[in-house]
Structure formats: C-alpha cells, structure tokens
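# A look at the structure
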Amino acid sequence: VLHTVGFGWDWILAGEFYLTGYRAGDLLVKGDITKEFQGRKGASRISISGEFFLQEADHFLNFYESNHFRWYNDFRKIKDIRGSLQVSNEAIQLDAGAHFSLVSDLIYHTDSVMPAQHGGVVSVIGLNVHKHFNAGIFHSDHRVHYQLSSDNNVVRLPDLSYYTSNYISFNIVKNALSAQLGFDLYYYTRYRALALSPSSGMFYNQDIMELGNYPYLNPFLTAKLKRTRFYLRYDHPYAGLIKKNYFHVLYYPMPGRVFRFGLSWTFYD
C-alpha cells in the first residue's frame, strides 16, 4: 500500500498479486485520489477512484455438487475495470457522483440456475445524488440512483431507484427528551429482478415477470430520553389495498403490515 500527499491531494495506491494456489495469477490494483476544500460553512470534497481486477471464478462456480445441481466448469478469469467520481459539499448538504464498470467474461446464473460465462464486455454506468433539506424542525432526505446496463440479459438492474426520509425533529423536554416523527419511502422502476433457488441458495436471472414500480412506505416515531432510545414503526400500512407487486425477488414478497418497536439503553463505562 502506498499513501502519499502531493499538490494538496491525498493519494492511496494498493495492489495484490497471487503467486500460488487456486487464485494464482489473480491481480488487484486500486487507487484513490481525494482533496478537501475548507469553506466558512463547511468542507467540500472531491474523490476519484479506480480499480482493476483479474480474478479467478469462485471455486463453487467451477465445481459444485448437490442433490439438485451438478456442474464442472473451466471458466476464464474475470476482468473488471471500475472508476468513480464523487463530490460533496457540507454547506448545501449535497453528495453526488458517477461510476462505471467494464467487465469481460462475466459469470452469471441463467434461468436454469446454471452458471454461464458471457463472452463479451458488459458495461454498467450509474449516477447518484444525495441531498438533505431542512427548515427549522422539518427535514427531508433524498437519494436517487440511475444506472444502465449494456446487456440486460446478463446484468439486470432497475433504471432508477429512489429513497426518501421525511420527518420533523423536535424537543419535548429541553435537553432531556427529543423525538422524530416521519416516514421512509423506497421505490425503484420495473425490471426483470432476480429469482432465488432455495436448493442451491443462489440468485439467477428469470424471465417470468417484471418486479418493481411499487412504493414501500414505513411511518415511524423515534425518541431519545437522556441515555435511552426507542422507536415505533409501522411497515407497509397499505399492504393489499393497492396492487400486490411488492417483491424484491421473484415469489418472495416484502413483509406486509408489520408493527415494530425497539428499545436501546446506553450504559456508562
């Protein structure tokens, strides 16, 4: 690992190379470059990172036996190039970035649950934005992620995913009891999500149906009394009232209406 500072930038370079064993010839190179700018209202940060992998397929992808599946493969090494750019600013409470990945000889599981190796290059690009708004006791947190795969038959991703948390934060008893009341919301666009094979415990591509395009909402109340925290949450209160497509994985629905509560007490050392 090489760590240095130059021209006001923080540089880190790391690498691994396997000489012997099952992963002989595998190579990993990672680099990160960051710089911080201090302002009157907070710091700004720029981070650039890159990675290169030359990696042998996991052993179970080449050799596997069970009551329901058996395969013996000789997959080529996977080559993966990744890069990202991330910028943040404390003053406006914004974090945004972009990333890409180029993968050659990617291994994935087909609709028969068997592993297969894609012969070409699959690229994935993504953009992400995180923004926090606040006005007095009102807070609103938003995370948006857009991603695009060059081959949806191999790598399947929702085009757009979104998470938001909106709440009011207030003191009930000054310096003693504080609370937050609001809701979390999760959403992503429709796509051919993965399926799960219980007999092998592996996820695989399926073409039976598309999942997504369903808002999953959880109202909550949290409070802190000195060293004690507790929360109340009502997950998915409208389950069954609108369309029932609340699945992340084929045939495995997200929980329906569930009331949750919790308590945490911090002790002094």
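Structure: above.
Described in the following lines is the structure provided in the data block. Because the structure is a prediction, the values reported are computed rather than measured.

## Topic: the overall build of the protein
Scanning the protein from terminus to terminus reveals one helix and 21 strands. Each of the three principal axes of the protein carries a C-alpha extent, and together these read 65 × 60 × 40 Å. Taken across its 269 residues, the protein has 34% of its residues classed as buried. Intrachain contacts of the protein at a sequence separation of at least 6 include 52% that bridge at least 24 residues. Total accessible area on the protein stands at roughly 16700 Å², and carbon and sulfur atoms take up 61% of it. For the protein, the distance from the average site of its 26 positive side-chain charges to the average site of its 23 negative ones is 11 Å.

## Thoughts on unusual backbone geometry
One non-glycine residue, V113, lies in the positive phi region at around 75 degrees. As for its placement among the helices and strands, V113 is situated in the loop between β9 (107-109) and β10 (115-117). Even without being a glycine, K226 presents a positive backbone phi close to 55 degrees. In this structure, K226 sits in the loop between β17 (216-225) and β18 (228-235). Relative accessible area serves as the criterion here: at 61%, K226 is assigned to the exposed category.

## As for the pattern of salt bridges
According to the stated counting rule, one finds 14 salt bridges in the structure shown. Where E56 meets K77, a salt bridge forms, and the shortest distance between an N and an O atom there is 2.9 Å. A residue pair is termed long-range when its members are at least 10 positions apart, and E56 in the loop between β4 (42-55) and α1 (59-62) and K77 in the loop between β6 (70-72) and β7 (78-89) qualify at 21 residues. With a shortest N-O distance of 3.0 Å, D105 and R76 are connected by a salt bridge. With D105 in the loop between β8 (94-104) and β9 and R76 in the loop between β6 and β7, this pair connects stretches of sequence that are 29 residues apart. One salt-bridge network, in which partners are shared between bridges, spans R23, D26, E56 and K77.

## Points about the side chain of R156
Along the chain, R156 turns up in the loop between β12 (138-149) and β13 (160-173). Judged by its relative accessible area of 11%, R156 falls in the buried class. A polar side-chain atom of R156 sits 2.5 Å from the main-chain carbonyl oxygen of Q206. Among the polar contacts made by the side chain of R156, one reaches the side chain of D207 at a distance of 2.9 Å. With residues near it in sequence (within four places) discarded, R156 still touches Y191, R192, N205, Q206 and D207.

## Looking at empty space enclosed by the protein
Enumeration over the complete set of coordinates arrives at one cavity of 30 Å³ or more. By volume, the largest cavity amounts to about 80 Å³. Lining of the largest cavity is provided by Y186, Y188, G212, N213, Y214, Y216, N245, Y246, F247, H248 and M254. Of all the secondary structure elements, the ones that give two or more residues to the lining of the largest cavity are β14 (177-188) and β19 (247-249). Across the lining of the largest cavity, the residue classes break down as seven nonpolar, four polar and no charged.

## Some details on the packing of aromatic side chains
Summed over the entire model, instances satisfying the criterion amount to seven aromatic pairs. When the ring of Y214 is compared with that of Y238, the centres are 6.2 Å apart and the planes differ by 35 degrees; the resulting orientation is tilted. Remark: Y238 occurs in the loop between β18 and β19 and Y214 occurs in the loop between β16 (202-204) and β17; sequence separation between them is 24 residues. Taking the relative accessible area as the measure of exposure, Y214 reaches 6% and is therefore buried. Arranged with centres 6.4 Å apart and planes meeting at 20 degrees, the rings of Y246 and F247 form a pair that is stacked. Judged on exposure class, the residue Y246 and its partner F247 are both buried. Through a chain of ring-to-ring contacts, the aromatic side chains of Y214, Y238, Y246 and F247 assemble into a single cluster. Cation over ring: R23 sits above Y18, and NZ or CZ is 4.4 Å from the ring centre.

## Examining the nonpolar core
Within soluble globular proteins, side chains that are nonpolar tend to cluster in buried spots. Judged by nonpolar contacts, A57, L61, F75, I78, V103, L106, I107, Y108, V122, V124, V154 and V155 together constitute the single largest core of 12 residues. Every residue in contact with A57, bar those within four places of it in the chain, is listed here: Y22, N62, F75 and I107. One finds Y64, F69, A195 and M202 within the second-largest nonpolar core, a separate group that totals eight residues.

The rules behind these values
Residues numbered from 1 in each chain as written. Predicted model: local features only at pLDDT ≥ 70, side-chain atom pairs only at ≥ 80, totals over all residues. Heavy atoms only, no water. Helix = DSSP H or I, 4+ residues; strand = E, 2+ residues; numbered from the N terminus. Buried < 20%, exposed > 50% of the residue type's maximum accessible area, 1.4 Å probe, protein only. Contact = heavy atoms within 4.5 Å. Areas by Shrake-Rupley, 256 points an atom, 1.4 Å probe, with all protein chains shown as cover. Lys, Arg positive; Asp, Glu negative; His and termini not counted. Charge placed at Lys NZ, Arg CZ, Asp CG, Glu CD. Salt bridge = Lys/Arg side-chain N within 4 Å of Asp/Glu carboxyl O. Polar contact = N/O pair within 3.5 Å; in protein donor to acceptor, adjacent residues only side chain to side chain. 1 Å grid on protein atoms, 1.4 Å probe; cavity = no way out; pocket = protein on both sides within 12 Å on 5 of 7 lines; lining within 4 Å. Points joined across faces, edges and corners; volume = space filled by probe spheres on them. Nonpolar A, V, L, I, M, F, W, Y, C, P; charged D, E, K, R; others polar. Phe/Tyr/Trp six-rings, centres within 6.5 Å; stacked < 30°, edge-to-face > 60°. Lys NZ or Arg CZ within 6 Å of the ring centre and 35° of its normal. Core = buried A, V, L, I, M, F, W, Y, C linked by side-chain atoms within 4.5 Å.

By themselves, these are just geometric observations and shouldn't be taken as functional.
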